[in-house]
Amino acid sequence: MELYQLKTFVAIAKEGSLTRAAERVFTSAPAVSAQLKALEDELGVKLFERTPKGMSPTEAGHSLLEEAERTLASASRMRSAADQLRGAAQGVVRFGTVVDPVALRLGDVLVKLAERHPQVTLQLKQGLSYETLSGVQRGELDCAYVLSDSEQVEGLELNRLGAVDLVVALPPPVAQAHPELSLDELVNLPWVGTPPSCILRAHLEKLFAGAGREYRQGRTADGESAIRSMVASGMGAGLMRQDQAEQGERNGELAIWKGWRSHTWLCWIAPSGGRRAVAVDAVRSAVLEAWG
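Residue numbering note: each chain is counted from 1, following its sequence as written. Confidence filtering applies because this is a predicted model: local features only for residues at pLDDT of at least 70, side-chain atom pairs given and counted only at 80 or more, and all residues used for totals across whole chains, interfaces and linings. Hydrogens and water are ignored here; the side-chain numbers use all heavy atoms of the structure.

Whenever a carboxyl oxygen of Asp or Glu lies within 4 Å of a side-chain nitrogen of Lys or Arg, that contact is scored as a salt bridge. The full count for this structure, using the stated rule, is 18 salt bridges. The partner of Arg228 in a salt bridge is Glu253, and the shortest N-O contact between them spans 2.8 Å. Of this pair, Arg228 sits in helix α11 (residues 224-232) while Glu253 is found in the loop between α12 (242-250) and β10 (255-271), placing the two residues 25 residues apart along the sequence. With a relative accessible area of 13%, Arg228 lands in the buried category. Helix and strand assignments come from DSSP, with helices taken as H or I runs of at least 4 residues and strands as E runs of at least 2, each series counted from the N terminus. Categorising residues by exposure relies on relative accessible area from a 1.4 Å probe, with only protein chains included: less than 20% of the type maximum marks a residue as buried, more than 50% marks it as exposed, and the intermediate range marks it as partly exposed.

Here, nonpolar core means buried Ala, Val, Leu, Ile, Met, Phe, Trp, Tyr and Cys residues that are tied together by side-chain atoms lying within 4.5 Å of each other. Among the nonpolar cores identified, the biggest contains 59 residues, and Tyr145, Val168, Trp191, Trp268 and Val283 are the most heavily contacted of them. Any two residues whose heavy atoms approach within 4.5 Å at even a single point are treated as in contact. For Val283, the contacting residues outside a window of four places in its chain are Val93, Phe95, Leu113, Val120, Leu122, Cys143 and Trp268. Counting 17 residues, the second largest nonpolar core, distinct from the first, contains Val10, Leu18, Leu36 and Leu39.

This part is about α11. Turning to α11, its buried residues are Glu224, Ala226, Ile227, Arg228, Met230 and Val231. Residues of α11 that are buried make contact with β6 (156-170), β7 (192-193), α10 (199-210), β8 (219-220), β9 (238-241) and α12.

Taking strand neighbours across the sheet as the criterion, the six strands line up as β4-β3-β5-β10-β6-β9 in an open arrangement whose pairing is mixed. Single-partner strands in this sheet number two, and they are β4 (120-126) and β9. Ignoring strand direction, the axes of neighbouring strands in this sheet form an average angle of 30°. Note: two strands are recorded as paired if DSSP finds a minimum of 2 bridges between them. Relative to β4, strand β3 (residues 91-97) runs parallel, the two sharing seven bridges. Within β4, the position partnered with Thr97 by the bridge is Gln126. Orientation is described by lines fitted to C-alpha atoms, with helices fitted over the stretch in contact, and by angles between N-to-C directions that extend from 0 to 180 degrees.

For the rest of this paragraph, the subject is the packing of aromatic side chains. Here the aromatic set is Phe, Tyr and Trp, taking the six-membered ring for Trp, and pairing holds for ring centres within 6.5 Å; pairs whose planes are under 30 degrees apart are stacked, those over 60 apart are edge-to-face, and all others are tilted. Under the criterion given, the structure shown has four aromatic pairs. Here Phe95 and Tyr145 contribute two aromatic rings whose centre-to-centre distance is 5.1 Å and whose plane-to-plane angle is 35°, an arrangement assigned as tilted. Taken together, the positions of Phe95 in strand β3 and Tyr145 in strand β5 (residues 143-148) put the pair 50 residues apart, joining distant regions of the chain. Feature note: the residues Trp191, Phe208 and Tyr215 constitute an aromatic cluster, connected by ring pairs.

So this is what it looks like as structure tokens:
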């Protein structure tokens with residue numbers, strides 16, 4: 001029995017599809033199918049049933065999945081312990097990012113890593129906060145920046161780096177036509193929202209609740225740049241980071257409504273200490289130092 005077979009087993013169980021599992025373990029679907037068959041032959045049990053919805057674990061598969069995950073976690077801890085003994089920080093760290101690199105101080109992080117740990121390479125993947133958080137929880141990312149109101153997340157280390165102010169951005173014609181816009185008038189405007197799992201959506205719902213209204217999803221943007229361009233084009237009001245909104249206001253793209261402000265936190269997250277590689281600890285040190 002090989003560790004890669006167990007990784008494939010877990011990937012199929014998580015994804016419910018040979019094709020998606022293959023993408024997760026960076027190989028082909030035929031290779032995943034062959035690894036699964038070899039593992040089933042060695043164990044002497046059938047691990048999955050093929051259904052119209054994909055691959056579904058059998059009763060035996062469900063029973064053995066937890067053992068497979070424990071075995072993989074133990075192997076990861078052993079590698080980390082060996083790295084600690086060598087004092088080595090090396091390898092590729094899959095780092096989830098949100099918003100723009102300047103706001104994240106990524107330049108400072110990269111410089112510090114290059115100076116102290118030249119054998120550590122960052123593989124950056126940008127996404128919304130809920131995407132990067134889920135990526136770390138699923139083991140698809142080693143660490144990530146997230147925007148979050150939470151002080152802790154089960155199973156993860158969370159470090160708050162700095163507060164992020166949020167404001168309401170309006171299309172300039174709306175702001176000019178309604179210089180004394182009230183909250184009741186504001187919530188009646190067309191809005192550009194974000195997906196339900198996004199932290200900006202949570203604050204938008206609180207804004208509406210403050211007016212005794214429920215936010216009903218309409219136009220939706222999948223990131224800050226999309227919100228900014230949609231507001232600028234007159235499609236509706238939207239929530240944005242204050243620094244981005246101020247830049248847009250200076251450029252004449254939008255106007256900030258003065259009647260509301262909120263904040264969330266930029267955080268760095270990773271699996272708790274014993275479950276991660278030395279290279280991730282090197283990234284942690286660089287991030288925390290860059291943020292003072």
